[in-house]
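Close look at the chain arrangement
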Amino acid sequence: MSVSVAKGRIPMEMKKLSISAKRQITIPQKFFTMLGFDTEAECTVRGNELIIRPVRNNTGGEFAEQILADLIAQGYSGNDLLEHFKKAQGQIRPAMETMLMEAEKVASSESGYITYEDVFDTEEKV
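Throughout what follows, the structure given in this document is the object of discussion.

The rules we used
Residues numbered from 1 in each chain as written. Predicted model: local features only at pLDDT ≥ 70, side-chain atom pairs only at ≥ 80, totals over all residues. Heavy atoms only, no water. Salt bridge = Lys/Arg side-chain N within 4 Å of Asp/Glu carboxyl O. Helix = DSSP H or I, 4+ residues; strand = E, 2+ residues; numbered from the N terminus. Buried < 20%, exposed > 50% of the residue type's maximum accessible area, 1.4 Å probe, protein only. Core = buried A, V, L, I, M, F, W, Y, C linked by side-chain atoms within 4.5 Å. Contact = heavy atoms within 4.5 Å. Axes fitted to C-alpha atoms, helices over the stretch in contact; angles between N-to-C directions. Parallel < 35°, antiparallel > 145°, perpendicular 65-115°, else oblique. Left-handed = near helix turned anticlockwise from the far one by under 90°. Nonpolar A, V, L, I, M, F, W, Y, C, P; charged D, E, K, R; others polar.

1. As for the pattern of salt bridges
Applying the stated rule across the entire model yields three salt bridges. Put simply, Glu13 and Lys30 hold a salt bridge, and the shortest N to O gap is 2.9 Å. With Glu13 in strand 2 (residues 10–15) and Lys30 in helix 1 (residues 29–35), the pair connects residues that are 17 residues apart, well separated along the chain. Residue classification places Lys30 among the exposed residues on the basis of a relative accessible area of 51%. A salt bridge links Glu49 to Arg46, with the nearest nitrogen and oxygen atoms 3.7 Å apart. For Glu49, a relative accessible area of 37% gives the class partly exposed.

And the structure:
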């Protein structure tokens, strides 16, 4: 049985799922297709909710426009632009992971602070 509920302005569909003896669930086909699941899911706990969503392998896309604008301003175009863009985009996730690890250390008073330049290595070398 599927129930549609409007929470605020975002429509929400709910379906009761069975959990097997091995703690397994089956994602309903409609939800599987609608959300674009493939072979992996990401599972997160938020408060008393379990959130299951498709794994997104293309990380750093939210910075694509800024990366391209910066590279174009530096004079890159054509294949050079593409190669530098791929390299810059590949640095986003490791930089974010470093920032998160450093933030956890600072929060637990294990270290001082870290700057944007430290994470993204943007200071010019002399």
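2. Here's the deal with the nonpolar core
One finds Ala64, Ile67, Leu71, Leu81, Phe85 and Ile92 forming the largest nonpolar core, which totals six residues. Of all elements in the fold, only helix 2 (64–73) and helix 3 (78–90) reach the threshold of two or more residues within this core. Looking at this core, the element that brings in the most residues is helix 2, giving three residues. Setting aside its immediate chain neighbours within four residues, Leu81 contacts Leu68, Leu71, Ile72 and Tyr76.

3. Details of the packing of helix 2 against helix 3
At a minimum axis distance of 10 Å, the contact between helix 2 and helix 3 shows a crossing angle of 135°. Taken together, the axes of helix 2 and helix 3 lie oblique to each other. By crossing handedness, the relation of helix 2 to helix 3 is classed as right-handed. Seen from helix 2, the contacting residues are Ala64, Ile67, Leu68, Leu71 and Ile72; seen from helix 3, they are Leu81, His84, Phe85, Ala88 and Gln89. Taken together, the residues of the contact of helix 2 with helix 3 break down into eight nonpolar, two polar and no charged.

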